[in-house]
Amino acid sequence: MTVSRTFSIIKPDATRRNLTGAIVKMFEDGGLRIVASKRIQMTRAQAEGFYGVHKERPFFGELVDFMISEPVVVQVLEGENAVTRNRDIMGATNPEDADEGTVRKSHALSIGENSVHGSDSAENAAIEIAFFFKEDELVG
Ligand code: CMP
């Protein structure tokens, strides 16, 4: 058994609709443990830095504006194969392609307002966790 960690953001479309608890329950029911969690108002600099890999994409401005439009909940999730497990729980980026029972199928509004972000690899999980959390804030 390989216990690992991944990084998650509950996005503004979800916090605005009071879905934080419903989404956390889907993580927990799916076998992930919340080992760090904070509700923050992301700054423009944070959003631009976090999504820097997408800065040449046509939707970058829209993505940054959206991520700072309302509070978000940043979390570290722990469990067996946490990155892939969380991606399975979230479903496809575009809710139209997401499987039944996933967070995005159940709650996402569009490809942009898609309720959750999750790391796409263990390497990026480590980078993304360090972007928002200090080591002593992770309490498993
Ligand atoms: P996320 O996992 O947070 O990583 C990058 C985000 O860009 C992605 O989820 C989507 O919400 C967003 N995104 C991807 N494609 C588009 C698009 N065509 N238009 C708007 N946002 C997009």
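Residues numbered from 1 in each chain as written. Predicted model: local features only at pLDDT ≥ 70, side-chain atom pairs only at ≥ 80, totals over all residues. Heavy atoms only, no water.

Asker: Tell me what's going on with the pairing of strand β1 (residues 3–10), and back it up with residues and numbers.
Answerer: Sheet faces and side chains relate simply in a regular strand, where the side chains alternate between the two faces. For β1 and strand β3 (residues 72–80), the ladder comprises 8 bridges, and the chain directions are antiparallel. For Ser8, the partnering residue across the bridge sits in β3 and is Gln75. Pairing geometry for β1 and strand β4 (residues 116–118), over 3 bridges, is antiparallel. Bridge pairing in β4 links Ser8 to Gly118. (Pairing = 2+ DSSP bridges. Helix = DSSP H or I, 4+ residues; strand = E, 2+ residues; numbered from the N terminus.)

Asker: Describe the environment of Lys11, and please don't skip the residues or the numbers.
Answerer: Within the secondary structure, Lys11 is located in the loop between β1 and α1 (12–16). For Lys11, a relative accessible area of 5% corresponds to the buried category. Here Lys11 is in contact with Tyr51, Phe66, Met67, Val72, Gly112, Asn114, Ser115, Val116 and His117, once residues within four sequence places are set aside. (Buried < 20%, exposed > 50% of the residue type's maximum accessible area, 1.4 Å probe, protein only. Contact = heavy atoms within 4.5 Å.)

Asker: Could you give an account of the sheet that holds β3, naming the residues involved and the relevant values?
Answerer: Whenever strands of a sheet pair, they do so through backbone hydrogen bonds, lying parallel or antiparallel. Pairing is antiparallel in the open sheet, where 4 strands are placed in the order β2-β3-β1-β4. At either margin of the open sheet sits one strand with a lone partner, and together these are β2 (33–40) and β4. Here the strands of the sheet are splayed against their neighbours by 20 degrees on average, with no regard to which way each runs. Sheet strands touched by helix α7 (residues 122–132): β1, β2, β3 and β4. Its angle to β1, the strand with the most contacts, is close to 55 degrees. (Axes fitted to C-alpha atoms, helices over the stretch in contact; angles between N-to-C directions.)

Asker: Can you tell me about the environment of Ala125, naming the residues and giving the values?
Answerer: Mapped onto the fold, Ala125 is located in helix α7. The contacts of Ala125, once residues within four sequence positions are left out, are Arg5, Thr6, Phe7, Val83 and Ser119.

Asker: Hey, could you go over unusual backbone geometry for me, with residue numbers and the actual values?
Answerer: Residue Asn81 is not a glycine yet carries a positive backbone phi of 45 degrees. Looking at the secondary structure, you find Asn81 in the loop between β3 and α5 (82–90). Look at Asn81 and you get partly exposed, because its relative accessible area is 42%. Although it is not a glycine, Ser115 sits at a positive phi angle of roughly 70 degrees. Along the chain, Ser115 falls in the loop between α6 (103–107) and β4. For Ser115, a relative accessible area of 0% gives the class buried.

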